[in-house]
Amino acid sequence: MIAVTGATGNVGGQLVSLLTAAGERVTALSRQTAEPPQGVRHVQADLDDPTSLKGAFDGVRALFLLVAGEDPQAILDAARDAGVRRVVLLSSQGAGTRPHVYRHPAAFEEAVRGSGLEWTILRPGGFHSNAYAWAESVRAARTAAAPFGDIGLPTIDPADIAEVASTALREDGHAGRTYELTGPALTTPRERAAALGAALGEPVRFIEQTRQEARTQMLRFMPEPVVEGTLAILGEPTDAEQKVSPDVERILGRAPRSFADWAGRNVAAFA
């Protein structure tokens, strides 16, 4: 059996579907009650409360782990004590490029490496699905606002992250590996807004925010250190943060999906 934490999220939900389609038995963990797909065992648990994991990993051999909660060691101890042998961690690109800012995922990576389990670490950059932040303004006024409109980053489709995770959970050959996951090309916020317009069949006007405007907006739902780190990546990315990684294609045998592809598949959210 394979356990998926964050089973209702952008990556976890798709991962549960992929694993069940591949014939795997799945335990789906989430903080809220949920109606899992047929044949999937659901456990309500909170990674911020490791005591809630009692029994969650019974019969589980592999674990997909989010960076959530403050005690990764307790989570991993619970998994190992239940007989879990393999863990795939969904970390963040920032754990490698800016570990002084992205301390939370960096701490999880350190715990995973020292867990005694067979581990694989996934470090995606920005998600294509971050564009959902534009959904309301695109629906209402066909506008999309963001800072640093002409700075490109190789954002990735969450569906590709889920496919890589499924492969690492089910197949051998990925132990002790850290994969950098990106899309196929750099795209700018202005280009992503245009791609949404193309998918809709109507222009989407891009509005460039100042750094301070973006900071004020992001502080409503993100801690200040993460806001500052995110703005630094968006506005002054390092060479490593703009590098298109070959890892998705190496693992899946195909190129990662483009932002335009993601926009076409998810256009209903913006219509």
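Parameters and conventions
Residues numbered from 1 in each chain as written. Predicted model: local features only at pLDDT ≥ 70, side-chain atom pairs only at ≥ 80, totals over all residues. Heavy atoms only, no water. Helix = DSSP H or I, 4+ residues; strand = E, 2+ residues; numbered from the N terminus. Contact = heavy atoms within 4.5 Å. Buried < 20%, exposed > 50% of the residue type's maximum accessible area, 1.4 Å probe, protein only. Arc of directions from axis to C-beta. Core = buried A, V, L, I, M, F, W, Y, C linked by side-chain atoms within 4.5 Å. Pairing = 2+ DSSP bridges. Axes fitted to C-alpha atoms, helices over the stretch in contact; angles between N-to-C directions. Phe/Tyr/Trp six-rings, centres within 6.5 Å; stacked < 30°, edge-to-face > 60°. Parallel < 35°, antiparallel > 145°, perpendicular 65-115°, else oblique. Left-handed = near helix turned anticlockwise from the far one by under 90°. Nonpolar A, V, L, I, M, F, W, Y, C, P; charged D, E, K, R; others polar.

**Let's talk about the side chain of Arg215**
Okay, so step 1: In this fold, Arg215 is placed in helix α8 (residues 211-218).
Okay, so step 2: Discounting chain neighbours no more than four positions away, the residues touching Arg215 are Glu224, Val227, Glu228 and Leu231.

**Notes on helix α4 (residues 103-113)**
Okay, so step 1: If you check which residues of α4 are buried, you get Pro105, Phe108, Glu109, Ala111 and Val112. Viewed end-on, α4 has its buried residues packed into an arc of 165°, placing them on one side of the element. Away from its buried face by more than 90 degrees, α4 exposes Arg103 and Glu110.
Okay, so step 2: Check the buried side of α4 and you find it contacts β4 (62-66), α2 (72-81), β5 (86-90), α3 (94-97) and β6 (118-124).

**Here's the deal with the nonpolar core**
Considering soluble globular proteins, one finds that nonpolar side chains tend to be buried as a cluster.
Okay, so step 1: Val4, Leu15, Phe64, Leu122, Leu169 and Leu181 are the most contacted members of the largest nonpolar core, which totals 26 residues.
Okay, so step 2: Counting residues per element, the ones that place at least two in this core are β1 (2-4), α1 (12-21), β2 (26-30), β4, β5, α6 (158-170), β8 (177-181) and α11 (247-252).
Okay, so step 3: The dominant element in this core, judged by the number of residues it contributes, is α6, at 6 residues.
Okay, so step 4: If we ignore the near neighbours within four places in the chain, the residues touching Leu122 are Val88, Leu89, Leu90, Ser91, Ser92, Ile161, Val164, Ala165, Tyr179 and Leu181.
Okay, so step 5: If you look at the next biggest cluster of nonpolar residues, it comprises 24 residues, including Leu47, Val60, Leu65 and Ile75.

**Brief notes about the pairing of β6**
Okay, so step 1: With 6 of 7 residues buried, β6 lies mostly within the body of the structure.
Okay, so step 2: The pairing of β5 with β6 spans 5 bridges and is classified as parallel. Bridge pairing in β6 places Leu89 opposite Ile121.
Okay, so step 3: Relative to β8, β6 is paired through 5 bridges, and the arrangement is parallel. Residue Arg123 lies in a different strand from β8, and its bridge partner there is Glu180.

**Considerations on the sheet that holds strand β3 (residues 41-44)**
Okay, so step 1: If you walk across this open sheet you meet the 7 strands as β3-β2-β1-β4-β5-β6-β8, and the pairing is parallel. The open sheet is flanked by β3 and β8, the only strands paired with a single partner. Taken pair by pair, the neighbouring strands of this sheet meet at an average axis angle of 20°, ignoring direction.
Okay, so step 2: Of the strands in this sheet, β1, β2 and β4 are in contact with α1, which crosses β1 at around 160°.

**Description of the packing of aromatic side chains**
Okay, so step 1: Enumeration over the complete set of coordinates arrives at 4 aromatic pairs.
Okay, so step 2: When the ring of Tyr132 is compared with that of Trp262, the centres are 5.1 Å apart and the planes differ by 65°; the resulting orientation is edge-to-face. Here Trp262 lies in helix α12 (residues 259-265) and Tyr132 lies in the loop between β6 and α5 (135-141), a separation of 130 residues in the sequence.
Okay, so step 3: A relative accessible area of 33% means that Tyr132 is categorised as partly exposed.
Okay, so step 4: In this structure Trp262 comes out as buried when scored by relative accessible area, which is 2%.

**Overview of the environment of Ser17**
Okay, so step 1: Secondary-structure assignment places Ser17 in helix α1.
Okay, so step 2: Judged by relative accessible area, which is 41%, Ser17 ranks as partly exposed.
Okay, so step 3: Through-space distance from the C-alpha of Ser17 to that of Thr188 is 31 Å; in sequence the pair is 171 residues apart.

**Overview of the pairing of strand β7 (residues 143-147)**
Each regular strand carries side chains that alternate between the two faces of the sheet.
Okay, so step 1: Buried residues dominate β7, accounting for 4 of its 5 residues.
Okay, so step 2: In this sheet, strand β9 (residues 205-209) lies alongside β7 in parallel orientation, the contact comprising 5 bridges. Counted as the bridge partner of Ala144 is Phe206 from β9.

**Focus on the packing of α1 against α6**
Okay, so step 1: In contact at an axis separation of 9 Å, α1 and α6 are set at 45° when each is read in the N-to-C sense. What the angle tells us is that α1 and α6 run oblique. As α1 runs across α6, the sense of the crossing is right-handed. Residues Gln14, Leu15, Leu18 and Leu19 of α1 touch α6, and the partners they reach there are Pro158, Ala159, Ala162, Glu163, Ala165, Ser166, Leu169 and Arg170.
Okay, so step 2: For the contact of α1 with α6, a count of residues per class yields 8 nonpolar, 2 polar and 2 charged.

**Quick word on the side chain of Thr167**
Okay, so step 1: Position of Thr167 relative to the elements: it lies in helix α6.
Okay, so step 2: With near-sequence residues (within four places) excluded, Thr167 lies in contact with His174, Ile251 and Leu252.

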